[in-house]
Every structure is written in C-alpha cells, then in structure tokens.
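# Structural characterization, general
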Amino acid sequence: MRRILALAAAIPLVMTATAGLANDLVEKTSPYSVSETLDRLAAAVEGAGATVFARVDHGAGAASVDMDLAASELLIFGNPKLGTPAMRDNATAGLDLPLRVLAYFGEDGLVRVVYHDPASLAQTHGLPADAKYIQMMTGALDKLTSKAISVD
C-alpha cells in the first residue's frame, strides 16, 4: 500500500518535470534543409570565434542499423571563455556544456532548429541566474541560430 501511495504522489511530480523540460526549449523554423541549416550554423559559430566540437547525424546513425529516421542533426559547439566560468561555479554544468543545437525535419514538413534556453542551465545546476555568461550564452545562441536560418 505504501508503494502505491508513493507512486501516486510521484506521478504529478514526474509530469511537472516533463512539462518543465519542454518549456525551456527555444524553437525556430529554418527555410533550409537540415544539413544546410547546420552548415550555416557551423559557419556562424566559427565566424564568431567559437569552436565546433562535433556534429552528429542521427539520420545516418539510424540508417546504419537499417532504421528510418527523418533528417536530424546535432551541432555541439562552444567557447571556453563562457563555459569555463559556468563550470567553475558548478562542475556539473559540464553535463550540459558545450552548447547543443538540433536541426530536424518535422512531421509537418518544416525544418526546426531547437536548443535549451541557457536559463535552464542556471536552474539545473544552481548557477546564478544573472551570471554574465548565462546572458552571453543566451545572446550568442539567439544570434547564431538566427544567422543560420536567415534568408540571404
């Protein structure tokens, strides 16, 4: 009986946490293909003096095991000048750094660009919400993703 009560009490907490995760996502629509969007993002990142650490092609991964997945790629990038102070404040910030941006082909036929709002980094890892590096990450992600999806 205690297990049932504990489970019943935990369900609303799990549902709240799941809803909270979705609220920290920033989403934009790209007029380009998934690959072209991330090519443009990588160029913007490098042009801003940051480093692209990795690019993950989830669609290729799925194809390698004979499964279908709509185009979906992840770019992992950052600038140690911003990430290091966050990790000095709390080493666990390293779980969410470097920054990540996902581009995927949605069921509605649109290419979406999605990333976590850096404010969630502060909340998750107990970092100061008003830290300059959080503000700079927020501005950089907005500027870089906007550049990647802008129509030339």
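Scroll up to find the structure.
The structure reproduced in this document is the subject of the present report. Because the structure is a prediction, the values reported are computed rather than measured.

This next bit is on the sheet that holds strand β5 (residues 111-116). Sheet architecture is open: five strands sit in the order β1-β5-β4-β3-β2, paired in antiparallel fashion. Edge positions in the sheet fall to β1 (25-30) and β2 (51-57), since each has one partner strand and no second. For this sheet the average axis-to-axis angle between neighbouring strands, irrespective of direction, equals 20°. Note that strand β4 (residues 99-105) and β5 share four bridges and pair antiparallel. Paired with Y104 across the two strands is R112, which belongs to β5.

Further remarks concern the pattern of salt bridges. Any two side chains of opposite charge can pair, given that their charged atoms come close. What the rule picks out here adds up to seven salt bridges. The partner of D96 in a salt bridge is R100, and the shortest N-O contact between them spans 3.9 Å. Exposure remark for D96: the relative accessible area of 27% places this residue in the partly exposed category. For D108, the salt bridge identified is with R112, shortest N-O distance 2.2 Å. Take D108: its relative accessible area is 45%, and that puts it in the partly exposed class. Here the residues in one salt-bridge network are E27, D108 and R112, joined through shared partners.

What follows deals with the environment of N90. Of note, N90 is situated in the loop between α4 (80-89) and β4. Take N90: its relative accessible area is 26%, and that puts it in the partly exposed class. Those residues within four positions of N90 in sequence are excluded, and the remaining contacts are H125 and L127.

Mapped onto the secondary structure, Y133 falls in helix α6 (residues 132-149). Counting along the chain gives 52 residues from Y133 to K81, while the straight-line C-alpha distance between them is 8.6 Å. Apart from residues no more than four positions distant in its own chain, Y133 is found in contact with L82, P85, A86, D89, L127 and P128. A polar atom in the side chain of Y133 sits 2.5 Å from the side chain of D89.

Within soluble globular proteins, side chains that are nonpolar tend to cluster in buried spots. Core analysis: the biggest nonpolar cluster contains 30 residues, and L41, F77, L127, Y133 and M137 have the highest contact counts within it. Looking at this core, the elements with two or more residues in it are α2 (34-47), β3 (72-78), α4, β4, β5, α5 (118-125) and α6.

So, on to unusual backbone geometry. Look at the link from L97 to P98: it is a cis peptide, with omega at 0°. Residue placement: P98 occurs in the loop between α4 and β4.

Right, let's talk about α5 for a bit. For α5, the set of buried residues is P118, S120, L121, A122 and H125. Those residues of α5 hidden inside the fold are in contact with β5 and α6. Positive phi shows up at G126, right after α5, with a value of about 65°.

Cut-offs and rules
Residues numbered from 1 in each chain as written. Predicted model: local features only at pLDDT ≥ 70, side-chain atom pairs only at ≥ 80, totals over all residues. Heavy atoms only, no water. Pairing = 2+ DSSP bridges. Helix = DSSP H or I, 4+ residues; strand = E, 2+ residues; numbered from the N terminus. Axes fitted to C-alpha atoms, helices over the stretch in contact; angles between N-to-C directions. Salt bridge = Lys/Arg side-chain N within 4 Å of Asp/Glu carboxyl O. Buried < 20%, exposed > 50% of the residue type's maximum accessible area, 1.4 Å probe, protein only. Contact = heavy atoms within 4.5 Å. Polar contact = N/O pair within 3.5 Å; in protein donor to acceptor, adjacent residues only side chain to side chain. Core = buried A, V, L, I, M, F, W, Y, C linked by side-chain atoms within 4.5 Å.

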